[in-house]
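Structural overview
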Amino acid sequence: MSDDKAAATAEVLDRLYATVQARKGADPETSYTAKLFHRGTAKIAQKVGEEAVETVIEAVRGDKAAVASESADLLYHLMVLWADAGLEPAAVWEKLAQREGTSGIAEKNARKA
C-alpha cells in the first residue's frame, strides 16, 4: 500500500465523523443518521452491538468481503455513538497512540492497578 493510500484510508474516518456530526440536526425522515440520533443513545448502542455481532459472524464464516462490509457498518455506527456521547475521534486516536508499543497484557494489567 502506498503512503498516499494509507493516509487516505486513515482520513476517511475523520471525514465520516464530520458527516455524522453534520447530520446530527437533520430531518430524521430524510437522514438515517439523524433518525438514529432522534431514537436516542440506547438505540445507537444497540446498533453498535448488532453490527459487532454481524462482523464476528462473518469473520467466523471466513468471508473477507462480508467482514469488510460489516466492519464498515460497525465503524459508522461507532462514529454515531461517539458523536452522541460528545466524544471526538481524536480522543480515541490519542488513546490508541498511548497504547502503541505496549503489550496488550501489560496494558490490561495497568488498568487494574
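Residues numbered from 1 in each chain as written. Predicted model: local features only at pLDDT ≥ 70, side-chain atom pairs only at ≥ 80, totals over all residues. Heavy atoms only, no water.

- Per an unreviewed UniProt entry, the chain is named Phosphoribosyl-ATP pyrophosphatase, and its organism is Azospirillum argentinense.
- Under the heading Subcellular location (unreviewed entry), UniProt records this for the chain: "Cytoplasm".
- Regarding the chain, the relevant UniProt record gives this comment under Pathway (unreviewed entry): "Amino-acid biosynthesis; L-histidine biosynthesis; L-histidine from 5-phospho-alpha-D-ribose 1-diphosphate: step 2/9." (UniProt positions renumbered as here; feature names shortened; annotations may be inferred.)

1. A closer look at the overall build of the chain
- Looking only at helices and strands, one finds six helices and zero strands in the chain.
- Ordered by position in the sequence, the α and β elements of the chain form the string α-α-α-α-α-α.
- Looking at the chain as a whole, 23% of its 113 residues are labelled buried.
- Here the analysis covers contacts within the chain between residues at least 6 apart in sequence; of these, 54% occur between residues at least 24 apart. (Helix = DSSP H or I, 4+ residues; strand = E, 2+ residues; numbered from the N terminus. Buried < 20%, exposed > 50% of the residue type's maximum accessible area, 1.4 Å probe, protein only. Contact = heavy atoms within 4.5 Å.)

2. Considerations on the nonpolar core
- By size, the foremost hydrophobic cluster in this structure holds 11 residues: Leu 13, Tyr 17, Val 20, Leu 36, Phe 37, Ile 44, Tyr 76, Met 79, Val 80, Trp 82 and Ala 83.
- Those elements giving two or more residues to this core turn out to be α1 (3-22), α2 (32-39) and α4 (64-85).
- A total of five residues in this core trace back to one element, the largest contributor, which is α4.
- When neighbours within four sequence positions are excluded, Trp 82 is seen to be in contact with Tyr 17, Leu 87, Pro 89, Val 92 and Trp 93. (Core = buried A, V, L, I, M, F, W, Y, C linked by side-chain atoms within 4.5 Å.)

3. Remarks on the environment of Gln 21
- Along the polypeptide, Gln 21 turns up in helix α1.
- In the structure, Gln 21 is positioned 12 residues away from Thr 33 in sequence and 9.0 Å away in space, judged by C-alpha atoms.
- Leaving out residues up to four positions away in the same chain, Gln 21 has contacts with Ala 83 and Glu 88.

4. A few points about α2
- Looking only at α2, the buried set comprises Thr 33, Ala 34, Leu 36 and Phe 37. The buried residues of α2 occupy an angular sector of 155° when projected down its axis, which confines them to one face.
- Where α2 terminates, the next one or two residues include Gly 40, which has phi positive at roughly 100°. (Arc of directions from axis to C-beta.)

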